[in-house]
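Here's the letter readout for the chains.
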Amino acid sequence: MTILRLVGVSDYPRFIRSVSCLLLVIVLLTALTGPVLAAKKIILDTDPGTDDALALMLALNSQELDVRAITVVPGNVTAAMGLENALRMVSLANRCDIPVAAGAQHPLFQKLITAEFWHGKNGLANIELPPSKCKVDGRFGPDLIVQLVHASPDEITLVPVGPLTNIALAVEKDPSIVPLVLVKEVILMGGSINGGNVNAAAEANIYNDPEAAQIVFQAGWPLTMVGLEIGDKALFTPKYLDELGQTRGPINDFIYSVTKFLVDLSATFGAAGSPMYDPSAVAVAIDATLVKVKEMHVDVETRGEFTRGETVANRRNEVERNVLHGDRYVIEGVDKVKPNAKVCVDVDADRFLQLFVSRIRGK
Ligand SMILES: [Ca+2]
């Protein structure tokens, strides 16, 4: 009543229109600035790698994420080739402002296993990107991780999509980044709870440095494991490739070529499409509602004859308590085991793939 009296009855429709316009402006401003303000700071640790290329470009094309650094780890390709690939991709995206740093040169305790067989001889589907305009950051990758985490306490999400060597080295060099919860969260692509992809037991990223992976899983920080179950369900099929091919642009064209290589490769193995492994971790960082998670305790097998590199997930989060009585053990009860990981067990595959395609197309 008071408002009506103030504006006068004859002005009432104009008043409503003004208020509506103001509300519309506020909504538009919130839509435009909101996600930018709330961008999640991430460090992408990567061994590029074809699916690393997809992960990197998805991250750079998503305003929900603020990529603070890219650290390179050996895995799919050697450390030197991975660094060159990372620099060329960042250059293609015109993002020389993002530090790109070299890290470990080999796994902690074993020989490196490279995967040109799956990724092309240069690791990037044999696509020759122009030389990089960007310069390498001189800092050692794990040091850069520690430095950035201290500079933004409780704000940095680590997104490792390669072997976990650099992340383990960061924890070993400065264990304080974990107990003080300086790292907000770790969302890693790696592992599986239903068998491996390099052999019956192990997934490639974990298999390439099981000791490092065990350090990362046991570190005590909030950790999400985006394993094979997610990428294997989210197949990049010719349908999505066609959608990607409808638009042009440097990133769009590059990712189209990479995904075409992957789709063609998967067809030679009789698969309907290519599993979206690395981009799945970035997608979870963008929108955690894409996946269903279950809390589990996960250990990494480092000694098994057939199971080295397996992520051994305790689905019940309990173990039998066996107590020695004379010459035998007797089960006296069941002890609870504290979960250390949110394990992704399902994904809304089409929503994830549509998100990927639309972001690469810049829409
Ligand atoms: Ca990778």
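Calculation rules
Residues numbered from 1 in each chain as written. Predicted model: local features only at pLDDT ≥ 70, side-chain atom pairs only at ≥ 80, totals over all residues. Helix = DSSP H or I, 4+ residues; strand = E, 2+ residues; numbered from the N terminus. Contact = placed C-beta atoms within 7 Å. Expected span 1.5 Å × (residues − 1). Buried ≥ 20, exposed ≤ 12 C-beta atoms within 10 Å, placed from the backbone. Pairing = 2+ DSSP bridges. Axes fitted to C-alpha atoms, helices over the stretch in contact; angles between N-to-C directions. Left-handed = near helix turned anticlockwise from the far one by under 90°. Nonpolar A, V, L, I, M, F, W, Y, C, P; charged D, E, K, R; others polar. pLDDT = per-residue confidence, 0-100. Right-handed = clockwise from strand over helix to strand, strands pointing away. Core = buried A, V, L, I, M, F, W, Y, C linked by C-beta atoms within 7 Å. Parallel < 35°, antiparallel > 145°, perpendicular 65-115°, else oblique.

1. Here we look at the environment of Val-100
As for its placement among the helices and strands, Val-100 is situated in strand 3 (residues 100-102). Each C-alpha atom, one on Val-100 and one on Leu-87, is 6.7 Å from the other, the two residues being 13 residues apart in sequence. Among residues more than four places away in sequence, those in contact with Val-100 are Ile-70, Ala-86, Leu-87, Val-90, Cys-134, Val-136 and Asp-137.

2. Observations concerning helix 12 (residues 250-268)
A rise of 1.5 Å per residue sets the reference length of helix 12, with its 19 residues, at 27 Å; its end C-alpha atoms lie 27 Å apart and thus fit the reference within 8%. Buried within helix 12 we find Ile-251, Phe-254, Ile-255, Tyr-256, Val-258, Thr-259, Leu-262 and Val-263. Looking at the buried side of helix 12, the elements it contacts are helix 3 (50-60), helix 4 (79-92), strand 7 (235-236), helix 11 (238-244), strand 8 (274-275) and helix 14 (349-360). Taken from the residues just after helix 12, Gly-270 is the one with a positive phi, measuring 75°.

3. Here's the deal with the environment of Leu-60
Examined against the element boundaries, Leu-60 turns out to sit in helix 3. By C-beta crowding, Leu-60 is classed as buried, having 22 other C-beta atoms within 10 Å. Leu-60 sits 33 residues away from Ala-93 along the chain, and the two C-alpha atoms are 7.8 Å apart. In this view, Leu-60 contacts Val-67, Ala-93 and Arg-95; residues no more than four positions away in its chain are not counted.

4. Thoughts on the sheet that holds strand 5 (residues 183-189)
Pairing in this open sheet of nine strands is mixed, and the strands run 3-2-1-4-5-6-13-9-10 from one edge to the other. Two strands bound the open sheet, and with one partner strand each, they are strand 3 and strand 10 (311-314). Sheet twist, expressed as the average angle between the axes of neighbouring strands with direction ignored, equals 30°. One ladder, built from four bridges, connects strand 9 (residues 291-300) with strand 10; its direction is antiparallel. For His-297, the partnering residue across the bridge sits in strand 10 and is Asn-314.

5. Side note on the packing of helix 3 against helix 12
Contact geometry of helix 3 with helix 12 gives a least axis separation of 10 Å together with a crossing angle of 145°. You can see that helix 3 and helix 12 cross each other, and the crossing is left-handed. Taking contact as the criterion, the partners of Thr-50, Ala-53, Leu-54 and Met-57 in helix 3 are, on helix 12, Ile-251, Ile-255, Val-258, Phe-261 and Leu-262. Considering only residue class, the contact of helix 3 with helix 12 consists of eight nonpolar, one polar and no charged.

6. Remarks on the confidence of the model for the chain
In the predicted model, the chain carries a mean pLDDT of 92, and the fraction of residues at 70 or more is 90%. Every residue in residues 1-10 is under pLDDT 50, and counting partners more than four places away or in other chains gives four contacts.

7. Structural notes on the pairing of strand 5
Extensive coverage of strand 5 is indicated by the burial of five of its seven residues. Pairing of strand 4 (residues 156-160) with strand 5, which is carried by three bridges, proceeds in the parallel orientation. Paired with Ile-156 across the strands is Val-183, a residue of strand 5. Handedness of the β-α-β unit built from strand 4, helix 7 (residues 165-173) and strand 5 comes out right-handed. Relative to strand 6 (residues 223-226), strand 5 runs parallel, the two being bridged by four bridges.

8. Some details on the nonpolar core
Leu-44, Ala-59, Val-159, Val-216, Ile-255 and Ala-281 are the most contacted members of the largest nonpolar core, which has 101 residues in total. It is helix 3 that provides the largest number of residues to this core, a total of eight residues. Sequence-distant contacts of Ala-59, defined by excluding residues within four places in its chain, comprise Ile-42, Leu-44, Leu-65, Val-67 and Val-282.

9. Focus: the packing of helix 6 (residues 141-151) against helix 7
In contact at an axis separation of 8 Å, helix 6 and helix 7 are set at 60° when each is read in the N-to-C sense. When the interaxial angle is binned, helix 6 and helix 7 end up oblique. By crossing handedness, the relation of helix 6 to helix 7 is classed as right-handed. Together, Gly-141, Pro-142, Asp-143, Ile-145 and Val-146 of helix 6 and Asn-166, Leu-169, Ala-170 and Lys-173 of helix 7 make up the contact between the two elements. Among the residues making up the contact of helix 6 with helix 7, the classes are represented as five nonpolar, two polar and two charged.

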